[in-house]
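# A structural walkthrough
One-letter residues, chain by chain:
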Amino acid sequence: MEAIKKFKVLWEIIPKKDKIYYIAYIIISIVHSLLFVLLPFLYRDIINAVTTRVYPEEKVFFYIALTILGYASIRLWSLMNVYIKEKMTKNLLDKLFSSILKMDLKSFIRKDAGYWASIFSNDVRFASQLYSDFLYTLPAEFIVFIAILAILFVYCKPLLIIVTVILFAVTLISLLREKYVIPHYDRAQESLRVTSDHINAHLKGIEDLIHYRGESFLKKKFLEDFSSYIDNIKNYLLRDFLNGYSINLLNEFGKLAAIGMSLLFFVRGDFSFGTAVMLITFSTMSYDKANYIVENLRWLQNFPPHIEKIQEAIESPEVEMEDKGTGNFEELILNNVSFSYDGKLVLENFSMQVKKGEIVALIGRSGIGKSTVLKIITGFLKPQKGEVIFLQGKPKIGMLFQGQRLFNRTLRENLLIAKPNASEEELVEALKKAGLLEWFEKLPKGFDTQIGQTGKLISGGERSRLSIARTILFDPEILLLDEPLVGVDQDRKEEILDTLKELLKGKTCILVTHDKSLLRIADRTIYIMKEEDAV
């Protein structure tokens, strides 16, 4: 089954030291289940003894003790269940977060933010549930089910035949579910994801929607998208209900048949009353266990798409990012580098050389590939052709890109991203060098000030300077600038430009800009163009 294959994918994600917990969980589940197989035998002996007017104190005591132990094992199993689920969730989140941080940028931007958010929330939850609630309890239930069939074979073969026929019919109906029911569930989930993506995209432009009175447009779009989800989920629920109802009907018929046959053999004198009760109990247990197994196998059919998304993220191409430079960097060389996005050539046979300490500006028309060059230098993108060479060792590379990302966290947390072990004195010094000391001293909460999503609670100039402060803390050997003055008021540009000049002393810099004031700090310019641009 596809779900079992995906189980192996998740098993490989688990750290070796943690696998002992999962093995212990299986053992506890099996022991817990087998305890309840012994109870009908004791119950049979007690009933038979009572019918002969004998009170078996030892067996009654043993029955009570075993029952208490069985329910205690349920509690232990439940605690292990919770622990395993949380452990699996943590392992998946750690692996996902690490993989996405290392992911090739081209692979990352192919999916929208809603897609990645759904993996961390919805798909990780389903995968954790796969481990704790299903795959690790299924082995125990299957072992008990086989044991019950063996007991029925020994005590009453005709009853085993009835049970087997009913279970075969139940299995057949369950297999039909995979073909005729599950596809509707998959389509419903995809429709829901698309609806969420559309809502997320429109809410990002909520100011424009309000300005243009676009509420009715958003409502109409939402209803159109959501109606597709409703149609698919209705089809799924209806078919799933009919499938489940048929199985329950067969199970109840099987239980009635087991009761009738066991009592018939008792009346004929083939069984004692205790044995008849035991067989009725085991027959009922067989249907319950089979129903549990079938129900969980049905659920497992829903899991592969969720695990595939996690697997795709974890196995995506990675980029090699080095946190520390060698300190020996002398020259950067791009040799005949080419790159394309989804088959569209953006950069073709581009070459350049930048020596240590140089400030070089890349200019050219929009869409020519200037920003792509910077991302190739950082390692975010891998060129399809050509090579990037760092003579005498790879340097530490810092970035100040257009729309530099600030997080909806405190000022302190946004700065510590660049240097997690920085002291408070280092943070203050970085703010001072970035020209933010006076602003910082006026903040009532200091470093604990929330700056909002993308820094929306502070001005554009302060956002730019905060990005510079973060770069100061990072202390790169090469600094890449991509339109760092976009969104900054004209009267603040000169101040920020002076800050950048101070930051770039003794550093290598490659900058992309259309701002003439920023071009003044460059030692030389490189014009990127295609053959059709040549005159």
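As shown above, the structure is provided for reference.
Residues numbered from 1 in each chain as written. Predicted model: local features only at pLDDT ≥ 70, side-chain atom pairs only at ≥ 80, totals over all residues. Heavy atoms only, no water.

### What about the overall build of the chain?
Filter applied, for reference: Each helix is a run of DSSP H or I of at least 4 residues and each strand a run of E of at least 2, with the numbering of both proceeding from the N terminus. With a 1.4 Å probe rolled over the protein chains alone, any residue whose accessible area is under 20% of its type maximum counts as buried; one over 50% counts as exposed, and the rest are partly exposed. Whether two residues are in contact is decided by their heavy atoms: any pair within 4.5 Å suffices. All accessibility values rest on the Shrake-Rupley procedure with a 1.4 Å probe; residue burial counts only the protein chains present in the view.
Scanning the chain from N- to C-terminus turns up 19 helices and eight strands. The buried share of the chain, reckoned over its 535 residues, is 46%. Taking all contacts inside the chain whose residues are at least 6 apart in sequence as the whole, residues at least 24 apart take part in 80%. Summed over all atoms, the accessible surface of the chain reaches about 28,600 Å², with 60% contributed by carbon and sulfur.

### Here's the deal with the side chain of Thr 89
The criterion, for reference: A 3.5 Å cut-off defines polar contacts: any pair of N or O atoms within that distance qualifies, except that in protein one atom must be a possible hydrogen donor and the other a possible acceptor, and neighbouring residues in sequence count only when both atoms are side-chain atoms.
By the secondary structure assignment, Thr 89 is in helix H3 (residues 57-102). Separated by 2.7 Å, the side chains of Thr 89 and Ser 128 make a polar contact. Not counting the four nearest positions on each side in its chain, Thr 89 is found in contact with Val 124 and Ser 128.

### Brief notes about the sheet that holds strand S3 (residues 359-363)
Each strand in a sheet pairs with its neighbour through backbone hydrogen bonds, running either in the same direction (parallel) or in the opposite one (antiparallel). The following threshold applies: For two strands to pair, DSSP has to find at least two bridges joining them. To obtain an axis, a line is fitted to C-alpha atoms, over the contacting stretch when the element is a helix, and the angle between two such axes runs from 0 to 180 degrees between their N-to-C directions.
Taken together, five strands build an open sheet; the order of strands is S5-S6-S7-S3-S8 and the sheet is parallel. The open sheet is flanked by strand S5 (397-400) and strand S8 (524-527), the only strands paired with a single partner. Neighbouring strand axes in the sheet, compared pairwise and without regard to direction, differ in orientation by 20° on average. Bridging between S3 and strand S7 (residues 508-512) involves four bridges; their strand directions are parallel. By the bridge assignment, Ala 361 is partnered in S7 with Leu 511. Helix H13 (residues 370-378) contacts S3, S5, strand S6 (478-482) and S7 of the sheet and is inclined by roughly 150° relative to S6.

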